[in-house]
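The residues making up each chain are set out below.
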Amino acid sequence: MKLLVYSAAWCRDCYVAKRFLETHNIPYEEVDIEETPGAADEVLRHVGKRAIPQFVIDGEWVQPYRPGRGFLFEEMSEKLGITNKA
């Protein structure tokens, strides 16, 4: 699986998303929209707005959070094949 995370250093939701991935040992490549030329425009082109964080999982764009709800832990766990070991 190839995972890109479009984010920015000032973005609290991005921090939560990256922490989630790191906690579950999911490798990802970060694309900082402030530092990478054209990255913010790429998000706008695919999503229709400048909303981060964005995951690109094997070419599929996924918004891992919802305004007012925060990070979608359950949905992203399912999408990424993370199982809770009880």
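Note that the structure is a prediction, hence the values are computed from the model and not measured.

(A) Spatial organisation of unusual backbone geometry. The peptide bond linking Ile 52 to Pro 53 adopts the cis configuration, its omega dihedral lying at 5°. When you line up the elements, Pro 53 lands in the loop between helix H2 (39-47) and strand E3 (54-57). At Asn 25, a residue that is not glycine, the phi angle is positive and equals roughly 55°. Despite not being glycine, Asp 58 shows a phi value in the positive range, around 50°. Relative accessible area serves as the criterion here: at 54%, Asp 58 is assigned to the exposed category.

(B) Highlighting the environment of Leu 80. In this structure, Leu 80 sits in the segment after helix H3 (73-79). On the basis of relative accessible area, Leu 80 is assigned to the buried category, the value being 12%. Sequence spacing of Leu 80 and Leu 21 is 59 residues, and the spatial spacing of their C-alpha atoms is 9.4 Å.

(C) Quick peek at the pairing of strand E1 (residues 3-7). Counting buried positions over the five residues of E1 gives five, a clear majority of the element. What you see with E1 is no split at all: Leu 3, Val 5 and Ser 7 on one side and Leu 4 and Tyr 6 on the other are buried throughout. In terms of strand pairing, E1 meets E3 through four bridges, oriented antiparallel. Bridge pairing links Tyr 6 to Gln 54 in E3. Pairing analysis gives four bridges linking E1 to strand E2 (residues 29-32), with the strands arranged parallel. By the bridge assignment for E2, Tyr 6 is matched with Val 31. The parallel pair E1 and E2, bridged by helix H1 (residues 12-23), forms a crossover whose chirality is right-handed.

(D) Layout of the pairing of E3. Residues of E3 alternate between two faces, with Gln 54 and Val 56 on one and Phe 55 and Ile 57 on the opposite face, all of them buried. Bridge analysis of E3 against strand E4 (residues 60-62) gives three bridges, and the strand direction is antiparallel. Bridge pairing in E4 links Ile 57 to Glu 60.

Scoring rules and cut-offs
- Residues numbered from 1 in each chain as written.
- Predicted model: local features only at pLDDT ≥ 70, side-chain atom pairs only at ≥ 80, totals over all residues.
- Heavy atoms only, no water.
- Helix = DSSP H or I, 4+ residues; strand = E, 2+ residues; numbered from the N terminus.
- Buried < 20%, exposed > 50% of the residue type's maximum accessible area, 1.4 Å probe, protein only.
- Pairing = 2+ DSSP bridges.
- Right-handed = clockwise from strand over helix to strand, strands pointing away.

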